[in-house]
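# Inside the fold
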Amino acid sequence: MESRVKSNSQLRRADCFGKVDGQLQRSPSVIVIGGGMAGVAAARALHDASIQVVLLESRERLGGRIHTDYSFGFPVDLGASWLHGVCKENPLAPLIGRLGLPLYRTSEDNSVLYDHDLESYALFDMDGIQVPQELVKKVGKVFEMILEETDKVRQELSEDISILQALSIVFERKPEFRLEGLAHKVLQWYLCRMEGWFAADSDTISLKCWDQEELLPGGHGLMVRGYLPVIHTLAKGLDIRLGHRVSKIERRYNGVKVTVENGETFIADAAVVAVPLGVLKAKSIKFEPKLPDWKEAAIADLGVGIENKIILHFENVFWPNVEFLGVVAETSYGCSYFLNLHKAAGHPVLVYMPAGRLAKDIEKMSDEAAANFAFMQLKKILPDASSPIQYLVSRWGTDVNSLGSYSYDAVGKPHDLYERLRVPVDNLFFAGEATSALYPGSVHGAFSTAMMAAEDCRMRVLERYGELDLFQPVMGEEALSIPLLISRL
Ligand SMILES: Cc1cc2nc3c(=O)[nH]c(=O)nc-3n(C[C@H](O)[C@H](O)[C@H](O)COP(=O)(O)OP(=O)(O)OC[C@H]3O[C@@H](n4cnc5c(N)ncnc54)[C@H](O)[C@@H]3O)c2cc1C
């Protein structure tokens, strides 16, 4: 990475910029807090608009919930790995296109919940017998009809209820949708996939709001070479301070003062807060004066779920040549699925992806026990499976730098919480996946909020300097026509 990264030891206390102890310097300045997609993209945009920017990141690495690991000798993503919406409307498409990063499309449009491309996955019962594709297809259609019925329930009710409660109402009204035996288990697997999408269990997801996000067309493309190159490109040449955990943000009419855990302080005209919702919920950053009640309520009320990845690296490929291997069970908690990286990227790797309570429970285990748990799931469906030679385990729920995987609409809470999280407070601007009303829980959502925060912030600080006319808009248009590289159409 070529970004200008400084270590703690290179810095003096109060290595400030913008204004030091009330003394004005000439150029407008912004502190960006958090070095995930939102923070890095906001810092890039502000830097390109000739604003002095310093980015403070608590970890010793950039990327946040983008975490590409290279220890197997090839890239694997422990956090985000799909571009959701492989289309030119995706705000990340120009950058990914320009970098020539290949994508492998695992599924087509509208494939989040039920109509997966059946050619590309295989479901198995616990006894290792493959579920006939006809049955998977049939149950998929039933699941689709059930979801349509839950929509009717939603329209009848004034109060919000959970997806799980809505399902029980549908089953009472339409007993023909209650499935038995293997078909019931397949239905639970569809529910498990839905819960994975939200990183939460169906008894906590809002019936009113669950489908309010905008799904871009073009299906879902795996970043074959990992997501990190995108972060590194955006970070090039920025003033980034790794290992700088922010503990306090003070705002005054004429600027902000940000304090890092070791006592070091930074002062600027404004700040972009791009830390995860889980970190804001934990109140590990003190705001002075405190954030307004409406902002605190939004932080408290928006849901944050957990999804993890247990990445198993094998000597050889011994599994079927499909994109997903699924395990069906009596409950969605007991179901699971593996992404086959061999099909997408040519590596002998399976990625186990637990979500919700299951992910939380697995986080209580050691890495070894978690990897073993995932392998045991695999053994149930492929009894001759050989042991992995290496593994990686993510812990997004308990990692103090994330405290959750991504946001979702919790029961009884309005969808406008994302927007309330985004709205600036004086000279504090907010960015990150949880501030995206359109694309919550996604990398492109985090990126698009960064563009908004950077532009709002730029306007604000330049207003103070009376220099608005001198600067160009933050976003350039020229790269928009570059096509995405897709290896499976
Ligand atoms: C397992 C998993 C799978 C996912 N899969 C996909 C996918 O396939 N496609 C997709 O689009 N999205 C996916 N997501 C969601 C996506 O990763 C996130 O929405 C996105 O990366 C969030 O970016 P962000 O900048 O908002 O937050 P983050 O990436 O979390 O960045 C916030 C940064 O703030 C830093 N920070 C925290 N506290 C402090 C502090 N006190 N001081 C300074 N810095 C601090 C953190 O270290 C972090 O670097 C997935 C997420 C997970 C966990």
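Procedures and definitions
- Sequence order as written defines the numbering, with residues in each chain counted from 1.
- Reporting of local features is limited, given that this is a predicted model, to residues whose pLDDT is at least 70; pairs of side-chain atoms are given and counted only at 80 or more, and all residues count toward the totals for whole chains, interfaces and linings.
- Note that the side-chain values use all heavy atoms of the structure and ignore hydrogens as well as water.
- UniProt positions are given in the numbering used here, feature names are shortened, and annotations may be inferred rather than shown by experiment.
- Any residue with at least one heavy atom within 4 Å of a molecule or strand is counted as near it.
- Polar contact is the term for a pair of N or O atoms within 3.5 Å; when the atoms are in protein, one must be able to donate a hydrogen and the other to accept it, and sequence-neighboring residues count only if both atoms are side-chain atoms.
- All accessibility values rest on the Shrake-Rupley procedure with a 1.4 Å probe; residue burial counts only the protein chains present in the view.
- Only DSSP runs of H or I with at least four residues qualify as helices, and only runs of E with at least two residues qualify as strands; both kinds are numbered from the N terminus onward.
- When a carboxyl oxygen of Asp or Glu is within 4 Å of a side-chain nitrogen of Lys or Arg, the pair counts as a salt bridge.
- Under the scheme applied here, a residue whose accessible area is under 20% of the maximum for its type counts as buried, over 50% as exposed, and between as partly exposed, the area being computed with a 1.4 Å probe on protein chains only.

Per an unreviewed UniProt entry, the protein chain is named Amine oxidase domain-containing protein, and its organism is Arachis hypogaea. Annotation of the protein chain in UniProt includes, under Pathway (unreviewed entry), the sentence "Amine and polyamine degradation; spermine degradation." As recorded by UniProt, the Cofactor (unreviewed entry) comment attached to the protein chain reads in full: "FAD".

Every one of the 38 residues lining the ligand counts as a neighbour, but Ala-38, Glu-57, Arg-65, Trp-82 and Val-443 are closest to it. A distance of 3.2 Å separates an oxygen atom of the ligand from a polar atom in the backbone of Met-37. Between Trp-82 and the ligand, the recorded distance is 2.8 Å, taken from a backbone N or O atom to an oxygen atom. In the complex, 98% of the free accessible area of the ligand, which totals 1,000 Å², lies under the protein chains. Elements represented by at least two residues in the shell around the ligand include exactly α1 (37-48), β8 (82-84) and α13 (443-465).

Next up on the list: the pattern of salt bridges. Tallied over the entire structure, the rule returns 29 salt bridges. Its salt-bridge partner being Glu-433, residue Arg-65 comes within 3.0 Å of it at the nearest N-O pair. A residue pair is termed long-range when its members are at least 10 positions apart, and Arg-65 in the loop between β5 (52-56) and β6 (68-69) and Glu-433 in the loop between β25 (428-430) and α13 qualify at 368 residues. Judged by relative accessible area, Arg-65 falls into the partly exposed class, the value being 23%. Judged by its relative accessible area of 6%, Glu-433 is buried. Salt-bridge contacts for Arg-422 lead to Asp-456; the nearest nitrogen and oxygen are separated by 3.5 Å. Of the two residues, Arg-422 sits in helix α12 (residues 417-422) while Asp-456 sits in helix α13, which places them 34 residues apart along the sequence. For Asp-456, a relative accessible area of 31% translates into the label partly exposed. Connected via shared salt-bridge partners are Lys-283, Lys-290, Asp-293 and Glu-296.

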